[in-house]
Amino acid sequence: MKSFVFPEFQIIRDEAKCGQCRGCERQCAFGTHRYDEAQDRLISDDYKCVGCQRCVIFCPKDAIVVKPTQSFYRPNASWSREKLEDLKRQAETGGVILTGCGNDKPFRIYWDHIVLNASQVTNPSIDPLREPMELRTFLGSKPDFMGVEVENGDVEIETKLSPNLMVETPILFSAMSYGAISYNAFRALATAACKSGTYFNTGEGGLPREMREEFGRCAIVQVASGRFGIDAEYLNCAAAVEIKVGQGAKPGIGGHLPGEKVSAEVAATRMIPVGTDAISPAPHHDIYSIEDLSMLIYALKEATNYEKPISVKIAAVHNFAAIASGIVRAGADIIAIDGLRGGTGAAPKAIRDNVGIPIELAISSLDRRLRDEGIRNRASIIAAGGIRCSADVIKAIALGADAVYIGSAALIAMGCTLCQKCYTGKCNWGICTQDPRLAGRLNTEIAATRLSNLIHAWSHEISEMLGGMGINALESLRGNHDHLRGIGLYEWELDVLGIKGAGE
Amino acid sequence: MFTLCLEFKIIMPRKRRELYNKEICACSIFGAMNRDGDRFTAEGVMKAIANMHVRGNGLGGGFAAYGIYPDYRDYYALHLMFTGHDWEAKRSAKQDFDAFLCENFDVVHDEEVPHRDESTVTDPPLVWRYFVLPNKKGDEAQLSDEDYVVKKVMWVNTQIEKAFVFSSGKNMGCFKGVGYPEEIGEYFMLDRLYRAYTWTAHGRFPTNTQAWWGGAHPFSLLDISVVHNGEISSYGTNRWYLEMYGYACTLQTDTEVIAYAADLLMRRQHLPVELVAKILAPPIWNSIDRMNESERKLLTALRMVYGPLLMNGPFAIIIGQTGKMIGLTDRIRLRPLTAATRGAMFYLSSEEAAIRLISPQLDDVWTPNGGEPVVGELKNIRMVKDEVIRLS
């Protein structure tokens, strides 16, 4: 059937610069570029281009430009180009439109409507280059009070403290499973997490055995509805265990790793046969209620001898704060909430673009809910979904999060350009693919360095902003709405965020 | 153990979104304690705080005095402030409060706090004191006396408009208002009517908002009082944590969080003052990581559990308590504090000159390190001598 969708991108090649090295042809897994021997020149097929910019960056002569196509349908405020094309594709295929990465729709990005405070006169700002600036954070349950026994000046702690994760900076790598991303990308995240004093999350695809000894100490291992790759050693080699209930990019639905991506190594790690689809059901079929979740939380605590904090990850949806409060009471030590703009390797576009609420609003309402119930200290909050820079991190913390997960940001650090074709398995950047030829493009060492550089740079910027506010320990900013003001927001939005307007 | 927060719904008398108004101020603080428990008038303390006149701007001054009500030492001394535009408004606020008080407490004595009408202070509220015992009924019978008093104080301060409880301890009291501290001292005739074994004093320099009498220091809850120089940048964080434990921050200034934190940690959680200092102004992680294992474990646990009570930003504080006076600065010591002793006397002051003014000879003078508490304690608990002070 002839497709009525025209190309998204237009490839412009400067023939004067092009040296016919055929580099672009090798770089593109989508087969966009082709060498024509008769003409001794490269020919590009705009239809195949996904706009990932791999050929542009790797062209030794800088001969290629890829830009949005100039063709357009008659402008129509209601029938945008995207709506038209999605509809045409469905008419041609009869299928669900798939996509990757996070929601790209222009929902209000609250980060960009919140400004931070700084000290003037009455409270000296602090120079982080000269004074200590502390970002160390503990994630997990804290008791209501700490009983101590004092004898002859020696202080003995009487209260039994719950296990906590200690992070040197409040930025953790979000769940991205081996299978969804390549082994090299997965290992780079693990390496960078260990080097930066933080944690990576294995996602639901298990943790390869050979990585457990070296990287287990900085791993949060996930238990998801597919229960892939879970055994006692998997749970016990890690620093914490996370039960994945929902994901911001696709709340309410499960996951599907196509059989083509299930290589021998992925199969061994997930404990499934090679080449079979790895399907994660939408719900956990042993969790149909909060008491079921509590049983799983305690089953995992039993399995790990109460030595590891248990996290529960849910998507931020309309009534999530009440649910999260129930999850804390059900025994979770950490609540991870994933907002509207959280990323994914594959999701139905209709779900990704229309389900869930923005993380900024979610942080504030969850923090307030737990405070109102007097249980805020019983669990830490990790916020995920749409964290783009250090300022987003510090705003998330001032709104009430204990730390953040970054997923898309980490992938971008490794080379991702958010082309949203993760579900094709053809990632030219070697990140979201199991094709050995493509995956080999990602050098683990270099990718790990880029990731730890990112953590270092953000941490430094957070210290600068913190020092500017006259605060030298991050815990003094947590939930401190006094240091935030809103700009260009409606009254109800300020109410939900719990902040004043700028100038108020 | 802590049932307060569940039973007691905090309702803030302000716009939903307007979380709080924080006043920022620079100040002078002074404290004097006789460790033998001998009581003395505020004359010297007023002289000393007046010597630091320029550290304040006349928008707030106050005193806390311990051991001033020996006749009523077993009763909670509630100091009330009734505000309003005119006498009628103040009387009506008092009537509202009196109705509440009769329901919840047994009052053994009450009177207006004596003052000099010819004073220079402006717009004084009606200040009244009540000596009371809890009259616990129903579900509240299970609360301890102290928890009960705290709960009722919080209720009054959030629910009865224009009535503020600003002092609620036994055998102690706060006196404060708008004006220079020496003016407030004269207004309440502290140099003539009261004798205390500990006096703390405060002169205030608020940088914003119009001053009001309730906003002056000291801040007090039960027998804990706090005078404070500085700004608490962690106020928003400290505040939500304390609200979880039933403390309503209503007095529009950051200092009250210190008083509530001290009450939570010292009275309710029974932590020794040395540990409380390590919670309010903990050592930095670099130092903790180098300590021996038991110390490291303890301080790590304290920071982990009580991180939200770290007081960040510059401060020097004097905490008064029955039988104790504690001085503390923030951990990077951004505000001045000098400690000194002379015989049984123990002094804390923003400036050494103020101490020297009233006690030229000193046995010892030193500058405490940031985050390290200095604690003066009564040598023996003979706080009350059998004296009767005539209250006008």
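Criteria and thresholds
Residues numbered from 1 in each chain as written. Chains lettered and ligands numbered in written order. Predicted model: local features only at pLDDT ≥ 70, side-chain atom pairs only at ≥ 80, totals over all residues. Helix = DSSP H or I, 4+ residues; strand = E, 2+ residues; numbered from the N terminus. Buried ≥ 20, exposed ≤ 12 C-beta atoms within 10 Å, placed from the backbone. Contact = placed C-beta atoms within 7 Å. Rg over C-alpha atoms; globule rule 2.2 N^0.38 Å. Axes fitted to C-alpha atoms, helices over the stretch in contact; angles between N-to-C directions. Parallel < 35°, antiparallel > 145°, perpendicular 65-115°, else oblique. Left-handed = near helix turned anticlockwise from the far one by under 90°. Nonpolar A, V, L, I, M, F, W, Y, C, P; charged D, E, K, R; others polar. Pairing = 2+ DSSP bridges. Domains from an automatic or database assignment. Core = buried A, V, L, I, M, F, W, Y, C linked by C-beta atoms within 7 Å. pLDDT = per-residue confidence, 0-100. Expected span 1.5 Å × (residues − 1).

## So, the overall build of chain B
If you tally the helices and strands in chain B, you get twelve helices and 16 strands. For chain B, buried positions account for 55% of its 392 residues. In chain B, once contacts between residues fewer than 6 apart in sequence are set aside, the share between residues at least 24 apart is 76%.

## Description of the overall build of chain A
Looking only at helices and strands, chain A features 16 helices and 23 strands. By the compact-globule yardstick of 23 Å for 504 residues, chain A fits well, its C-alpha radius of gyration being 24 Å. The dimensions of chain A, computed from C-alpha atoms along their principal axes, are 95 × 55 × 45 Å. The buried share among the 504 residues of chain A stands at 52%.

## As for the packing of helix α9 (residues 320–329) of chain A against helix α11 (residues 359–372) of chain A
All names here are of chain A. Between α9 and α11, the least distance of the axes is 9 Å, while the angle of their chain directions is 50 degrees. Accordingly, the angle class assigned to the pair α9 and α11 is oblique. Once α9 is placed against α11, the crossing between them reads as right-handed. Packed against α9, whose contacting residues are Phe 320, Ala 321, Ala 322, Ala 324, Ser 325 and Val 328, the element α11 presents Ala 362, Ser 365, Leu 366, Arg 369 and Leu 370 at the interface. Tallied by class, the residues present in the contact of α9 with α11 amount to eight nonpolar, two polar and one charged.

## As for the sheet that holds strand β13 (residues 219–223) of chain A
Residue and element names in this part refer to chain A. Read across the open sheet, the eight strands follow the order β11-β21-β20-β18-β17-β14-β13-β12; overall the sheet is parallel. Two strands in the sheet have a free side with no partner beyond their single neighbour: β11 (171–173) and β12 (200–201). Running over the sheet, α11 touches β18 (334–338) and β20 (380–384) and is turned about 170 degrees from β20.

## Remarks on the sheet that holds strand β6 (residues 114–116) of chain A
All names here are of chain A. Spatial strand order, β6-β22-β23: three strands in an open sheet with mixed pairing. The two strands at the open ends of the sheet, each matched to only one other strand, are β6 and β23 (500–501). Summarising the sheet, strand β22 (residues 484–486) and β23 pair through two bridges and their orientation is parallel. Bridge pairing in β23 links Gly 486 to Gly 501.

## Some words on the domain arrangement of chain A
Residues and elements named next belong to chain A. By domain assignment, chain A separates into domain 1 (9–95) and domain 2 (137–141 + 166–501). Here domain 1 and domain 2 have C-alpha centroids that lie 33 Å from each other. With ten residues of domain 1 at the contact, the number on the domain 2 side is eight residues. A breakdown of the residues in the side of domain 1 that touches domain 2 according to their chemical character gives five nonpolar, three polar and two charged.

## Examining the interface of chain A and chain B
At the interface, 40 residues of chain A touch 40 residues of chain B. Secondary-structure elements contributing two or more residues to the side of chain A that touches chain B are β8 (148–151), β9 (154–157) and α16 (491–497) of chain A. Grouping the amino acids of the side of chain A that touches chain B by side-chain chemistry returns 16 nonpolar, twelve polar and twelve charged.

## Here's the deal with the pairing of β18 of chain A
Where burial is concerned, most of β18 of chain A is hidden: five out of the five residues are buried. Going residue by residue along β18 of chain A, you find Ile 334, Ala 336 and Asp 338 of chain A tucked away on one face and Ile 335 and Ile 337 of chain A tucked away on the opposite face as well.

## Focus: the nonpolar core
All names here are of chain A. Formed by 266 residues in total, the largest nonpolar core has its most connected members in Leu 189, Ile 335, Ile 337, Ile 382 and Val 404. Two domains each donate at least three residues to this core, and these are domain 1 (9–95) and domain 2 (137–141 + 166–501). When residues no more than four places from it in sequence are discounted, the contact partners of Val 404 are Pro 170, Ile 171, Ile 382, Ala 383, Ala 384, Ile 387, Val 393 and Ala 396.

## Topic: unusual backbone geometry
Across the chain, the bulk of peptide bonds are trans and the bulk of non-glycine residues have phi less than zero. Following His 217 of chain B, the chain continues to Pro 218 of chain B via a peptide bond in cis, the omega torsion being 0 degrees. Position of Pro 218 of chain B relative to the elements: it lies in the loop between β8 (198–206) and β9 (219–221). Even without being a glycine, Asp 40 of chain A presents a positive backbone phi close to 50 degrees. With phi around 60 degrees, Asn 305 of chain A is a residue other than glycine that occupies positive phi space. Of note, Asn 305 of chain A is situated in the loop between α8 (290–303) and β17 (310–315). For Asn 305 of chain A, a count of 10 C-beta atoms within 10 Å translates into the label exposed.

## Description of helix α9 (residues 273–280) of chain B
Counting buried residues along α9 of chain B, six of its eight residues qualify, which places the element largely inside the surrounding structure. Within the span of α9 of chain B, buried status applies to Leu 275, Val 276, Ala 277, Lys 278, Ile 279 and Leu 280 of chain B. On its buried side, α9 of chain B packs onto β8 and β9 of chain A together with α8 (255–268), α11 (293–306) and β12 (324–329) of chain B.

## Focus: the confidence of the model for chain B
All names here are of chain B. Residues of chain B with pLDDT of at least 70 account for 88%, and the chain-wide mean is 86. Counted against residues more than four places away or in other chains, residues 1–19, with its pLDDT under 50, gives 27 contacts. For residues 380–392, every residue scores under 50 in pLDDT, and the model assigns this stretch 20 contacts once sequence neighbours within four places are set aside. Model confidence for the complex is summarised by a pTM of 0.90, with the ipTM given as 0.89.

## Concerning the environment of Ala 347 of chain A
Residue placement: Ala 347 of chain A occurs in strand β19 (residues 347–348). In contact with Ala 347 of chain A, other than residues within four places in its own chain, are Thr 99, Ala 249, Lys 250 and Arg 352 of chain A.

## Considering α11 of chain A
Residues and elements named next belong to chain A. Taking 1.5 Å of rise per residue, 14 residues should cover 20 Å, and α11 covers 20 Å from first to last C-alpha, within 8% of that figure. α11 sits mainly inside the fold: ten of its 14 residues count as buried. Three or more residues of α11 are buried, namely Ile 359, Glu 360, Ala 362, Ile 363, Ser 364, Ser 365, Leu 366, Asp 367, Arg 368 and Leu 370. Within two residues after α11, Gly 374 carries a phi angle of roughly 70 degrees, on the positive side.

## Regarding the pairing of strand β5 (residues 126–134) of chain B
Residues and elements named next belong to chain B. Pairing analysis gives seven bridges linking strand β3 (residues 76–82) to β5, with the strands arranged antiparallel. Within β5, the position partnered with His 79 by the bridge is Arg 129. As defined by bridge partners, strand β4 (residues 105–112) adjoins β5 across seven bridges and the pair is classed as antiparallel. In the strand pairing of β5, Glu 111 is matched with Arg 129.

## Details of the packing of helix α4 (residues 183–196) of chain A against helix α15 (residues 444–468) of chain A
Residues and elements named next belong to chain A. Here α4 crosses α15 at 45 degrees, and the two axes come no closer than 8 Å. With respect to their mutual orientation, α4 and α15 come out oblique. Two packed elements cross with a definite hand, and for α4 against α15 that hand is right-handed. Taking contact as the criterion, the partners of Asn 184, Ala 185, Arg 187, Ala 188, Leu 189, Thr 191, Ala 192, Lys 195 and Ser 196 in α4 are, on α15, Thr 444, Ala 447, Ala 448, Leu 451, Ser 452 and Ile 455. Tallied by class, residues from the contact of α4 with α15 come to eight nonpolar, five polar and two charged.

## Thoughts on the environment of Ala 238 of chain A
Residues and elements named next belong to chain A. Position of Ala 238 among the secondary structure elements: in the loop between α6 (232–237) and β14 (240–244). Along the backbone, Ala 238 and Glu 213 are 25 residues apart, and their C-alpha atoms lie at a distance of 9.2 Å. Residues in contact with Ala 238, not counting those within four places in the same chain, are Gly 216, Ala 219, Ile 220, Val 221 and Lys 308.

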